[in-house]
Amino acid sequence: MKSPELYLLSRTNRPDSHTLDVFRRHEGYQALERVLKGGFSPQEVIGMVKDSGLRGRGGAGFPTGLKWSFMPDPEKDPRPRYLAVNADESEPGTCKDRVLLEKDPHGLIEGILIACYAMQVKTAYVYVRGEYRLPHDRVAKALAEARAAGWVGENILDSDFSCEICGEETGLMESLEGKRGHPRPKPPFPAGFGLWGQPTTVNNVETLHNVPFIILRGAEWYRSMGTEKSPGNILVGISGHVERPGVYEVPLGTSAQKILEDHAGGVWKGRKLKAWIPGGSSTGFLPGSQIGLSMDHDSLKEAGSMLGTAAMIMLDETACVVRAMQVMARFYDHESCGQCSQCREGTEWLSQIFRRIECGDGRVEDIDLLTSLANGMAPGKTICALADAAAIPTHSVVRHFRAELEAHVEQGRCPYLSNDQPSQATVGAHA
Amino acid sequence: MAATRPPVLPEHLRSEFEELVSHYPERKAALIPALHRCQEELGGWLSPDTLEACADFFGLEPVEVFGVASFYPMFQLRPRGRHMVSVCHNISCALRGAEEVLEKACEVTGSPAGGISEDGRFSVQRVECQGACASAPMFDLDGVYHENLTLDDVERILREVK
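Bear in mind that the values here come from a model prediction, so they are computed numbers and not experimental data.

A. Broad picture of the overall build of chain A. A tally of regular secondary structure across chain A gives 16 helices and nine strands. Relative to a compact globule of 431 residues, whose C-alpha radius of gyration would be 22 Å, chain A shows 23 Å and is just as compact. In terms of overall dimensions, chain A has a C-alpha envelope of 75 × 50 × 35 Å along the principal axes. Relative to all contacts within chain A whose residues are 6 or more apart in sequence, the contacts with residues 24 or more apart total 69%. Of the roughly 16,900 Å² of accessible surface on chain A, a fraction of 50% belongs to carbon and sulfur atoms. Of the charged side chains in chain A, 47 are positive and 54 negative, and the gap between their average positions amounts to 0 Å.

Quick look at the structure:
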């Protein structure tokens, strides 16, 4: 079988791949040239992206072309409009956008420019999380290079198209406006009422990286990779108990087992796989026996999970699922912004209950209490998806690893700790 | 009642922030990037005086600036050691020894997690996912990532800090 074509990471292993010079030598800005000089209308660009079937790579998998088409017609709605680029990668297990930001920042800029042309946007903000110092600097440098070379700014390639791009060290829309990061209720949706109340589209970094390749090689080429409903390639980050953790590019629909064995070198230390998470911590645990699942939106949904950000986290047979869950529950408790009571209280309760079960102080009724709390944090009950992101892994632990929870309660300690370790080991709180 | 003059930001930051403000339709939007720069330039933390000076610069109430600064864990609202070691303790790092890395970092620097070493040189803190999951465990030392850490690496890197 011929090995799949790589495009997302086609430049990243080259020396100085972050520079304009190397980028230009490897198809860089050719798609933008084709759009601006080839007489593509904005609607035609949106049409191509729709035809390609590209789905957002930030976690929700929403069709990108459709999202772009939600922006109001500028003839009828002349308000300023924005593209906000989400480079605020922070779902535990997810580290793929960082590779693109550090090693192919011009690829992102080209994707942004084409998206802005399609949606007739003149200002884009790239919001890079504050911890991403090197990625931020690389994007800033690439923007300066692109601006000096005329790829960003007024009348790009002597066309009527002008576009300004700012790269900022902040996260989310509220943060971009200088506020506390409180998610907003939807509706109104950003396409009508986003940044500063103006029409706004939010796209993920990897999503935008796909766009120039769709323009250059066509929607049909794009659909020849991946599955019918999830076309194209995706970046999979694989971490935890594997021989070669890393970020790998695979066609959507590749089996998780193939990624584990062929790319990541299998479970480390010759051990067996006990549990795995397919798409970042909020997609929950699956038992090791389900490693044959395909990494695409529909297959994982059918299995009761999600593709999410395709961040696979692997646990070997010696790992304690309760302890892993407790680390994740602590995270959701810490991240909850506190606007919605189900989330503010629920994430704290989950964290405390998992902690006490792991520490040997759990009660039999705690297991049903976890389910009942998680039920109260279901989608639609809170403003954003954070409560749900804590509830999904909670349900998955009760569903697939109930016996392990019960063993903790019955033995009054974590069965995975060796006999000389104290039962209160580790599990720190935030200082 | 005599009005006291609010503290003032240094001139170079003021001019830098004026440029930042021009990127946005609203002045306030530059607040978070400005707070990051203040933290870098003014002693590694945001003192009450710094927050008040920012409020004055952006035309906001001090409480509004405090509300923003206290929301984001990257902002330090208490004095800290000259070098900041931020150890990720989230799932991918935890599976590969983050707690041992943290313990080692505390031992080498003499700083408790969330505190300051007695000589004032180091602060060690726990942080959530830093996006280095496939190169775990890791810490960030003064804005630079150190990844795929062994306990020997932790010791060597922290002992080499001037």
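B. Seen up close, the interface of chain A and chain B. With 52 residues of chain A at the contact, the number on the chain B side is 42 residues. Buried surface at the junction of chain A and chain B, both sides included, amounts to about 3,800 Å², of which 58% is carbon and sulfur. Run the count over chain A and chain B and you get two salt bridges. Our count for the contact surface shared by chain A and chain B stands at ten residue pairs in polar contact (both at pLDDT 80 or more). For the side of chain A that touches chain B, the secondary structure elements donating two or more residues are β3 (164-168), α8 (172-176), β5 (233-240), β9 (311-316) and α13 (321-335) of chain A. Of the residues in the side of chain A that touches chain B, the class split is 23 nonpolar, 17 polar and twelve charged.

C. Quick peek at a nonpolar patch on the surface. On the surface, a cluster of nonpolar side chains totalling about 270 Å² of accessible area is made up of Phe62(A), Leu66(A) and Phe70(A). Note on placement: Leu66(A) falls in helix α4 (residues 64-69).

D. Highlighting the sheet that holds β9(A). All names here are of chain A. The sheet built from five strands is open, its strands ordered β6-β5-β9-β7-β8 with mixed pairing. Here the strands that pair on one side only, and so sit at the sheet edges, are β6 (246-251) and β8 (286-287). When strand β7 (residues 273-277) meets β9, the two strands line up antiparallel, connected through four bridges. Among the inter-strand pairings, Ile 277 is bridged to a residue of β9, identified as Ile 313.

E. Just the pairing of β5(A), in detail. Residues and elements named next belong to chain A. The element β5 is extensively covered by neighbouring structure, given that eight of its eight residues are classed as buried. Covered by surrounding structure in β5 are Asn 233, Leu 235, Gly 237 and Ser 239 together with Ile 234, Val 236, Ile 238 and Gly 240, the residues of both alternating faces. With six bridges connecting them, β5 and β6 associate as antiparallel partners. Bridge pairing in β6 links Ile 234 to Val 250. Linkage of β5 to β6, two consecutive antiparallel strands, is achieved through a turn of five residues. When β5 meets β9, the two strands line up parallel, connected through four bridges. Looking at β9, one finds that Ile 238 is bridged to Met 312.

F. The environment of Arg78(B), seen in detail. Residue and element names in this part refer to chain B. Residue placement: Arg 78 occurs in the loop between α4 (62-71) and β1 (83-88). Its relative accessible area of 59% is what places Arg 78 among the exposed residues. Through-space distance from the C-alpha of Arg 78 to that of Cys 106 is 19 Å; in sequence the pair is 28 residues apart.

G. Representation of the packing of aromatic side chains within the structure. Counting across every chain of the model gives 18 aromatic pairs over all chains. Seen from their ring centres, Tyr7(A) and Phe213(A) are 5.2 Å apart, and the 55° between their planes marks the pair as tilted. Of this pair, Tyr7(A) sits in the segment before α1 (20-25) while Phe213(A) is found in helix α9 (residues 205-217), placing the two residues 206 residues apart along the sequence. In this pair, the class of Tyr7(A) matches that of Phe213(A), namely buried. Aromatic ring contacts, followed pair by pair, group Tyr7(A), Phe213(A), Trp221(A) and Tyr222(A) into a single cluster. When the ring centre of Tyr132(A) is taken as origin, the NZ or CZ atom of Arg129(A), which lies over that ring, is 5.4 Å away. The ring of Phe57(B) carries the charged tip of Arg27(B) above its face, separated from the ring centre by 4.8 Å.

H. Main features of helix α6 (residues 105-119) of chain A. All names here are of chain A. With 15 residues, α6 extends 21 Å between its outermost C-alpha atoms, agreeing within 8% with the 21 Å of an ideal straight helix rising 1.5 Å per residue. Where burial is concerned, most of α6 is hidden: 15 out of the 15 residues are buried. Following α6 by one or two positions, Gln 120 adopts a phi angle in the positive range, close to 55°.

I. Seen up close, the domain arrangement of chain A. All names here are of chain A. Domain annotation of chain A identifies domain 1 (20-223), domain 2 (233-316) and domain 3 (321-430). Each of domain 1 and domain 2 has a C-alpha centre, and these two points are 28 Å apart. Each side of the interface is counted separately: domain 1 has 16 residues, and domain 2 has 16 residues. A buried area of about 1,200 Å², summed over both sides, lies between domain 1 and domain 2, and 57% of it is on carbon and sulfur atoms.

Cut-offs used in this document
Residues numbered from 1 in each chain as written. Chains lettered and ligands numbered in written order. Predicted model: local features only at pLDDT ≥ 70, side-chain atom pairs only at ≥ 80, totals over all residues. Heavy atoms only, no water. Helix = DSSP H or I, 4+ residues; strand = E, 2+ residues; numbered from the N terminus. Rg over C-alpha atoms; globule rule 2.2 N^0.38 Å. Contact = heavy atoms within 4.5 Å. Areas by Shrake-Rupley, 256 points an atom, 1.4 Å probe, with all protein chains shown as cover. Lys, Arg positive; Asp, Glu negative; His and termini not counted. Charge placed at Lys NZ, Arg CZ, Asp CG, Glu CD. Buried area = accessible area lost by both parts, 1.4 Å probe. Salt bridge = Lys/Arg side-chain N within 4 Å of Asp/Glu carboxyl O. Polar contact = N/O pair within 3.5 Å; in protein donor to acceptor, adjacent residues only side chain to side chain. Nonpolar A, V, L, I, M, F, W, Y, C, P; charged D, E, K, R; others polar. Patch = residues over 30% accessible without salt bridge, like charges linked within 9 Å, V, L, I, M, F, W, Y side chains within 5 Å. Pairing = 2+ DSSP bridges. Buried < 20%, exposed > 50% of the residue type's maximum accessible area, 1.4 Å probe, protein only. Phe/Tyr/Trp six-rings, centres within 6.5 Å; stacked < 30°, edge-to-face > 60°. Lys NZ or Arg CZ within 6 Å of the ring centre and 35° of its normal. Expected span 1.5 Å × (residues − 1). Domains from an automatic or database assignment.

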